[in-house]
Amino acid sequence: MSERYKYNREGYLNENFRMFHLRDTAGQERDFHFHEFDKIVILISGSVNYMVEGTDYSLKPWDILLVRHHMIHKALIDVSVPYERIIIYLNSSYVERFAPNGGLMDCFAAAEKRRFCLMRPDNGEIEKLKDSLDRLDASISDTEFGAELMRGTLLAQLMVQLNRIMQRDSSRENTTAEQCGKISAALSYINENITGKLSVDELAAMCYLSRYHFMRLFKQQTGCTVHNYIRQKRLVLAARLIREGMSASSAAAECGFTDYSAFHRAFSQTFGVSPGKIKGS
């Protein structure tokens, strides 16, 4: 695969949610990638760092990582120790429909807003979390009357707990996560001005770095080039606008693509469907 499309969509979610409890030595180490669903990562044991949108999180047991859809991320795993984790894929639309106006996905929005995805529950919260996860896991194989409703209720209870942890969480102040402040500022600026003109020279100047050093540091922190990151975020926005009813050509223009054929090609390769079919995917 070319550098231009080095990071791509991985994993698919055809259910309302999917839960994995994985135990192995190394795990499945992937390059930088993104999902079209929201993802909860809970480390049980092992030594792993997660790189998410330029931030390096060094996880401790029972740390919770909230990776919102389309966030570019990668796990760096120490293969010398056993690696156990719980991963939950979420269809945010289902969660919001299940509990309208419940704010169950607010924790993901809060993590994205503060540009910090890690939560570190205290001992009391960990015990409650274990109980909720055990009950949700046990419900997966339930086929009796009301099983789907029961699973949704247990998932909603878990999301309530995560939101409560988020409201109290102070891991941002206490963590050893390393983030390049200059690149973080550039990422914030890009995401806040994604439909406008964005040039590498202007971004480098904003960070008080030479073009060369800015590009090198950006790639080191995010796993992709500045051009590819901007293109990816614009494609993500275009997909959302199309799903909301905007025509593909209008969405392309709104997101800064002047060549529709190039947009169509990039969109199809990134999302696996053409712009005209993204609504039903």
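Here the structure is a predicted model, which is why all the values come from computation and not from measurement.

## What about helix 9 (residues 226-243)?
Item 1. Compared with an ideal rise of 1.5 Å per residue, which puts 18 residues at 26 Å, helix 9 spans 26 Å between its outermost C-alpha atoms and is within 8% of the ideal.
Item 2. Burial runs high along helix 9: 15 of the 18 residues are buried.
Item 3. Positive phi shows up at G245, right after helix 9, with a value of about 120 degrees.

## Focus: the confidence of the model for the protein chain
Low pLDDT marks stretches whose predicted atomic positions should not be read closely.
Item 1. When pLDDT is averaged along the protein chain, the result is 85; 89% of the residues meet or exceed 70.
Item 2. A low-confidence stretch, residues 1-8 (pLDDT under 50), is modelled with 27 contacts involving residues beyond four sequence positions or located in other chains.

## Observations concerning unusual backbone geometry
Item 1. A positive phi angle, near 65 degrees, is found at N101, a position not held by glycine.
Item 2. Looking at the secondary structure, you find N101 in the loop between helix 1 (92-98) and helix 2 (106-113).
Item 3. Judged by relative accessible area, which is 84%, N101 ranks as exposed.
Item 4. Of note, the phi angle at Y208 is positive, near 60 degrees, even though the residue is not glycine.
Item 5. With respect to the helices and strands, the residue Y208 is situated in the loop between helix 7 (200-206) and helix 8 (211-222).

## Examining the sheet that holds strand 1 (residues 17-24)
Item 1. Pairing in this open sheet of 5 strands is antiparallel, and the strands run 1-7-2-5-8 from one edge to the other. Two strands in the sheet have a free side with no partner beyond their single neighbour: strand 1 and strand 8 (118-119).
Item 2. The pairing of strand 2 (residues 38-45) with strand 7 (residues 83-90) spans 7 bridges and is classified as antiparallel. From the neighbouring strand, L43 faces strand 7, where its bridge partner is R85.
Item 3. Sitting on the sheet, helix 3 (residues 123-139) touches strand 1, strand 2, strand 5 (64-67) and strand 7, and the angle it makes with strand 1 is about 110 degrees.
Item 4. Docked against the sheet, helix 4 (residues 147-168) engages strand 1, strand 2, strand 5, strand 7 and strand 8, running at close to 105 degrees with respect to strand 5.

Reading guide: rules and limits
Residues numbered from 1 in each chain as written. Predicted model: local features only at pLDDT ≥ 70, side-chain atom pairs only at ≥ 80, totals over all residues. Heavy atoms only, no water. Helix = DSSP H or I, 4+ residues; strand = E, 2+ residues; numbered from the N terminus. Expected span 1.5 Å × (residues − 1). Buried < 20%, exposed > 50% of the residue type's maximum accessible area, 1.4 Å probe, protein only. pLDDT = per-residue confidence, 0-100. Contact = heavy atoms within 4.5 Å. Pairing = 2+ DSSP bridges. Axes fitted to C-alpha atoms, helices over the stretch in contact; angles between N-to-C directions.

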